[in-house]
Amino acid sequence: MLRFTSGKLTRSFLNDIPDIVIGITLWLALTLLTQRPASSALLWTVLAAGLLLADHTKRQVLREPVVFADASELFLVFTHPRFYLPYVHPAVFYGIGGTLVLATAWLFSVEPPAMPAHPVLSRVAGALLLAVPIGAYFWRPSLNIMAKVLRKFGPSGDPVLDAQKLGMLGSFAAHTVCSRQERPERQAACSFGIVTVPADKPPVVLVQAESFFDIGRLDPTQPSPLTEYMACRDRAWRHGHLNVDSWGANTTRSEFAVISGASPSDLGLDRFNPYYSFARRPLDTLAARMRQAGYLTVCVHPYDRRFYGRHKVMPNLGFDQFIGGEAFDAPHGHLVPDEVLGAWINDFVDRQTQPVFVFAITVANHGPWPTQATTPGPFAPKLGGYLDSLMATDRMIGQLASSRWLNDDGGIFALYGDHQPSLPMLNNGTFDIGTSTDYFILDRTRQAGHRRDIGVHQLGRNIAECLMECP
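Residues numbered from 1 in each chain as written. Predicted model: local features only at pLDDT ≥ 70, side-chain atom pairs only at ≥ 80, totals over all residues. Heavy atoms only, no water.

Re the pairing of strand β1 (residues 204-209)
Selection criterion: Using a 1.4 Å probe on the protein chains alone, a residue whose accessible area is under 20% of its type maximum counts as buried, one over 50% counts as exposed, and one in between counts as partly exposed. Helix numbering and strand numbering both begin at the N terminus, where a helix is a DSSP run of H or I of at least 4 residues and a strand a DSSP run of E of at least 2. The pairing criterion is simple: DSSP has to find at least two bridges between the two strands.
Taken across its 6 residues, β1 has 6 buried, putting it largely inside the fold. As judged from the 6 bridges shared by β1 and strand β6 (residues 412-417), these two strands associate in the parallel manner. Across the sheet, residue Leu206 finds its bridge partner in β6, namely Ala414.

Regarding the side chain of Ser260
This is how it is decided: In the analysis that follows, any N or O atom pair within 3.5 Å is treated as a polar contact, provided that within protein one partner can donate a hydrogen and the other can accept it, and provided that, for residues neighboring in sequence, both atoms belong to side chains.
Summarising the element assignment, Ser260 is placed in helix α11 (residues 251-260). Residue classification places Ser260 among the buried positions, given a relative accessible area of 1%. At 2.7 Å, the side chain of Ser260 and the backbone oxygen of Phe256 are in polar contact. One polar contact links the side chain of Ser260 to the main-chain amide nitrogen of Ala262, over a distance of 3.1 Å.

Remarks on the packing of helix α7 (residues 140-151) against helix α9 (residues 168-189)
Rules: Fitting a line to C-alpha atoms yields each axis, with helices limited to the stretch in contact; the angle taken between N-to-C directions then spans 0 to 180 degrees. Angle categories: roughly parallel below 35 degrees, roughly antiparallel above 145, roughly perpendicular from 65 to 115, and oblique for all the rest. Note: crossing handedness is left-handed where the near helix turns anticlockwise from the far helix by less than a right angle, and right-handed where it turns clockwise. It only takes one pair of heavy atoms within 4.5 Å for two residues to be counted as in contact. In this count, Pro and Cys sit with the nonpolar residues alongside Ala, Val, Leu, Ile, Met, Phe, Trp and Tyr, while Asp, Glu, Lys and Arg are called charged and the others, Gly among them, polar.
Where α7 contacts α9, the two axes come as close as 9 Å, and the packing angle between them is 125 degrees. As judged from the angle between their axes, α7 and α9 are oblique. Regarding α7 and α9, the two cross each other, and that crossing is left-handed. Side by side, α7 and α9 meet where Arg140, Leu143, Asn144, Met146, Ala147, Leu150 and Arg151 of the first sit next to Ala173, Ala174, Val177, Cys178, Arg180, Gln181, Glu182 and Pro184 of the second. Along the lines of polarity and charge, the residues of the contact of α7 with α9 split into 9 nonpolar, 2 polar and 4 charged.

So, unusual backbone geometry
Glycine aside, residues mostly have negative phi, and peptide bonds are mostly found in the trans state. The linkage connecting Gly367 with the following residue, Pro368, adopts the cis geometry, with an omega of 0 degrees. Its location among the elements puts Pro368 in the loop between β5 (356-361) and α16 (380-383). Positive phi outside glycine occurs at Lys201, with the angle close to 45 degrees. With respect to the helices and strands, the residue Lys201 is situated in the loop between α9 and β1. Unusually for a residue other than glycine, Tyr308 sits at a positive phi of about 60 degrees. Along the chain, the position of Tyr308 falls in the loop between β3 (296-300) and α14 (310-316).

What to know about the pattern of salt bridges
Oppositely charged side chains are able to pair whenever their charged atoms sit close together. As a reminder of what qualifies: Note on definitions: salt bridges are taken to be side-chain nitrogens of Lys or Arg within 4 Å of carboxyl oxygens of Asp or Glu.
According to the stated counting rule, one finds 25 salt bridges in the structure shown. A cluster of three or more residues bridged by salt bridges with shared partners is formed by Arg3, Arg11, Asp16 and Asp19.

Remarks on the packing of helix α8 (residues 159-166) against α9
Two elements in contact, α8 and α9, have axes separated by 6 Å at closest approach and are oriented at 120 degrees. The orientation of α8 relative to α9 falls into the category oblique. For the crossing formed where α8 meets α9, the hand is right-handed. Residue-level inspection shows Pro159, Asp162, Ala163 and Leu166 of α8 in contact with α9, the latter providing Met168, Gly170, Ser171, Ala174 and His175. Here the contact of α8 with α9 is composed, by residue class, of 5 nonpolar, 3 polar and 1 charged.

A word on the packing of aromatic side chains
Test applied: Stacked, edge-to-face and tilted are the three classes for Phe, Tyr and Trp ring pairs, Trp counted by its six-membered ring, which pair at centre distances within 6.5 Å; planes under 30 degrees apart are stacked, over 60 edge-to-face, the rest tilted. Whether a charge sits over a ring depends on NZ of Lys or CZ of Arg being within 6 Å of the ring centre and within 35 degrees of the ring normal.
In total, this model carries 19 aromatic pairs according to the counting rule given. For the ring pair Phe212 and Tyr229, a centre distance of 5.3 Å and an interplane angle of 65 degrees mean the geometry is edge-to-face. Of this pair, Phe212 sits in the loop between β1 and α10 (227-235) while Tyr229 is found in helix α10, placing the two residues 17 residues apart along the sequence. Side by side, Phe212 and Tyr229 carry an identical accessibility label, which is buried. Judged by centre distance (5.2 Å) and plane angle (85 degrees), the ring pair of Phe413 and Phe440 falls under edge-to-face. Taken together, the positions of Phe413 in strand β6 and Phe440 in strand β7 (residues 437-442) put the pair 27 residues apart, joining distant regions of the chain. Residue Phe413 shares its accessibility class with Phe440, and that shared class is buried. Taken together, the ring pairs connect Phe212, Tyr229, Trp405, Phe413 and Phe440 into an aromatic cluster. Across from the ring centre of Phe379, 5.6 Å away, lies the NZ or CZ of Lys382, which sits over that ring.

Re the sheet that holds β5
In spatial order, the strands read β4-β3-β5-β1-β6-β7-β2-β8; together these 8 strands make up an open sheet with mixed pairing. Since the sheet does not close on itself, it has two edges, and those belong to β4 (321-323) and β8 (454-455), each with one partner. Bridging between strand β2 (residues 238-243) and β7 involves 5 bridges; their strand directions are antiparallel. Looking at β7, one finds that His239 is bridged to Phe440.

Details of the environment of Gly417
With respect to the helices, strands and loops of the structure, Gly417 is situated in strand β6. Judged by relative accessible area, which is 0%, Gly417 ranks as buried. Residues Gly417 and Asp438 lie 21 residues apart in sequence; the distance between their C-alpha atoms is 5.9 Å. Residues in contact with Gly417, not counting those within four places in the same chain, are Ala209, Phe212, Leu242, Val244, Thr437 and Asp438.

This is the structure:
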């Protein structure tokens, strides 16, 4: 199962050694703890099958394999199932998965203890098999040694290549250890740089739009239905394609890149999920610099504030306030419409008596989407229900573009897509538009500029540049 999950079913036995060593260690530890070798073997086999299913699904839906940082999302499958389970067939998840779990529990209940004469000693040995490597992982001197040994196996940092070379569990171990070992140095090097603001400190609103991109790129012969977006783009100080480091999901990658200015190479292995560990300490970011310049910095995400640990991360990114779904009276799992968020932003900015920087993270356009669209037009058959959600985002753009804080107070309005939607018609090669999304930076006190394609980690610095050059 692990060999199949690695993406290379036929390979040298030497490539299986890390998986075998880790697998035997886990099985032996559980066997000594429970005294039940067969049940322990079945449990780890079931977990390996779950890993195979998760990896296959992720490759099909998101174009990338399971990585070590995905361990942080295991609990989210149960607390926020709408973001995960729709992509797995119910018969597989509930039927086969439930049967295997029940079979494992049944076997644990009927299998007799294998070593009844020395249960305490064996359980101590089993606990040590788990506790020693875990303790070594958290102790810096031993962590450095572990990282040095694992680097001798030549991990590249590419999850696909490393899974084939080191095995799935071997690559997880190498990436987990090496990322922790190098993290402090990378965190110290994370620097956004100086942000200069004009004396009047105009309001700044930055919106990360869920699964947003200019669908006019799919068929240039047709007029884009995103009329509000097109009006902002044509009037923008700067706009263009935005090269992002994900497709279909992993919104936190774009989110962190914009605010921190850190590129994937700056983050190393933490690029897969910067919120997992990297952003769990204060960092130098766009928000932190604007707070130093006298702005009230506010992040608003109309969803569960604990999702991806944002309630812990956002203060470290320089935000004075982090506002979640509680401000919208949103029930658990409910997706707040973009137009509701747009109205909230306008009302919030207008009520402030001090300069404000708002970073809004939308969520309503998250998939999966209905197969049929209610919005008419040539794009409806191609995009289905995604088109309806996208049109709501476009209406939110119109709300913000017509606001008092932008037009009368000389504010700056920037918007970008975090990643393209996970739609089959984009994943099967029907359209050759790459993986980029789109962005604009609108300042009505400035003349419209030309298109400039940038990386997502450059967008924050472009906003700082716009702010610095305000007349």
